[in-house]
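# Commentary on secondary and tertiary structure
Each chain, letter by letter, is given below.
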Amino acid sequence: MTEAPTPYELDADTMTGGMRPIRQAVLSIGSNLGDRAGRLQGAVSALEDTPEVTVVAISSVYETEPVGAPEGSGPFLNAVVLLDTTLTVHTLLDRAMAIEDAFERERSEPGAPRTLDVDIIVVGDRVAQDDTLTLPHPRAHERAFVLVPWLEIDPEGEIPGHGFVADLISGVDASGVTKREDVEIIL
């Protein structure tokens, strides 16, 4: 994946006058508590309202069983959002976490049911790891609930260091990823 729409397109920073590249980012959103569809819609609306972010595409909504969740956890609704941004990766992460917090996301234990999950999967071809962020997302290449919706909206999608989404799907069990024709997210 390259910077989007081209690695040479820049956007002026109106505060400093500096120039920053426009990068394509892929985010996975999911919810398995309460009004799941309403929360996904709210996440997309909040992303669209974020300065320096343009939502380019939204996948269909898919229902999946939770991965690594406590017994009795309900199924997730999941979607993938493709966006263009001039935000730094850490500012984008801060925004994702703020959106989760706005929907009362609790971080009690890994895999616990959640009102909203907003995961950054890739940002351009950036590879990074620090105390707060790993890019690309360390398990995205193993997760059908990320790969199936991503392929729907970006047939050329690629996870740096792992390969093309279209190829990665053959290595995961996608049988539990069910498209929900009755649920739609709109801009």
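Residues numbered from 1 in each chain as written. Predicted model: local features only at pLDDT ≥ 70, side-chain atom pairs only at ≥ 80, totals over all residues. Heavy atoms only, no water.

Before going further, it helps to examine the pairing of strand β3 (residues 23-31). For β3, the tally of buried residues reaches 8 of 9 residues, placing the bulk of the element in the interior. Where β3 meets strand β6 (residues 76-85), 9 bridges bridge the pair, whose relative direction is antiparallel. Residue pairing across strands places V26 opposite L82, the latter belonging to β6. In this structure, β3 lies alongside strand β7 (residues 117-123), joined through 6 bridges in antiparallel fashion. (Buried < 20%, exposed > 50% of the residue type's maximum accessible area, 1.4 Å probe, protein only. Helix = DSSP H or I, 4+ residues; strand = E, 2+ residues; numbered from the N terminus. Pairing = 2+ DSSP bridges.)

Quick look at the nonpolar core now. Grouped together as the largest cluster of nonpolar side chains are 30 residues, with contacts concentrated most on L27, I29, V118 and I185. Leaving out residues up to four positions away in the same chain, I185 has contacts with I29, L40, Q41, V44, I58, V61 and A79. (Core = buried A, V, L, I, M, F, W, Y, C linked by side-chain atoms within 4.5 Å. Contact = heavy atoms within 4.5 Å.)

The buried fraction of helix α3 (residues 144-153) is high, at 8 of 10 residues. For α3, every residue scored as buried is listed here: A144, F145, V146, L147, V148, P149, W150 and I153.

Below, the discussion takes up the layout of surface pockets. Here the largest pocket is characterised by a volume of approximately 920 Å³. Lining the largest pocket are 36 residues, with R105, D117, D119, H137 and R139 sitting closest to its centre. Of the residues forming the lining of the largest pocket, the biggest block, 4 residues, is contributed by β7. Split into classes, the residues belonging to the lining of the largest pocket amount to 14 nonpolar, 9 polar and 13 charged. As a volume, the second largest pocket reaches approximately 180 Å³. Considering the residues around the second largest pocket, the lining is formed by T64, E65, V67, E142, R143, A144, F145, V172, D173, G176 and V177. Its residues placed into classes, the lining of the second largest pocket shows 5 nonpolar, 2 polar and 4 charged. (1 Å grid on protein atoms, 1.4 Å probe; cavity = no way out; pocket = protein on both sides within 12 Å on 5 of 7 lines; lining within 4 Å. Points joined across faces, edges and corners; volume = space filled by probe spheres on them. Nonpolar A, V, L, I, M, F, W, Y, C, P; charged D, E, K, R; others polar.)

The subject of this paragraph is unusual backbone geometry. Residue L135 is joined to P136 through a cis peptide bond whose omega torsion reads -5°. Structurally, P136 can be placed in the loop between β9 (134-135) and α3. Residues other than glycine seldom take positive phi values, yet E52 does so here, at roughly 70°. As for its placement among the helices and strands, E52 is situated in the loop between α1 (36-48) and β4 (53-58). The backbone of E104 sits at a positive phi, close to 60°, despite the residue not being glycine. The residue E104 is located in the loop between α2 (89-102) and β7 in this model. Owing to a relative accessible area of 60%, E104 belongs among the exposed residues under this scheme.

All right, on to the side chain of Q41 then. Relative to the helices and strands, Q41 is located in helix α1. When residues no more than four places from it in sequence are discounted, the contact partners of Q41 are E184, I185 and I186.

Per-residue pLDDT for the chain averages 89, and the proportion of residues at 70 or more is 89%. Across residues 1-11, where pLDDT falls below 50, the model places 32 contacts with residues more than four positions away in sequence or in other chains. (pLDDT = per-residue confidence, 0-100.)

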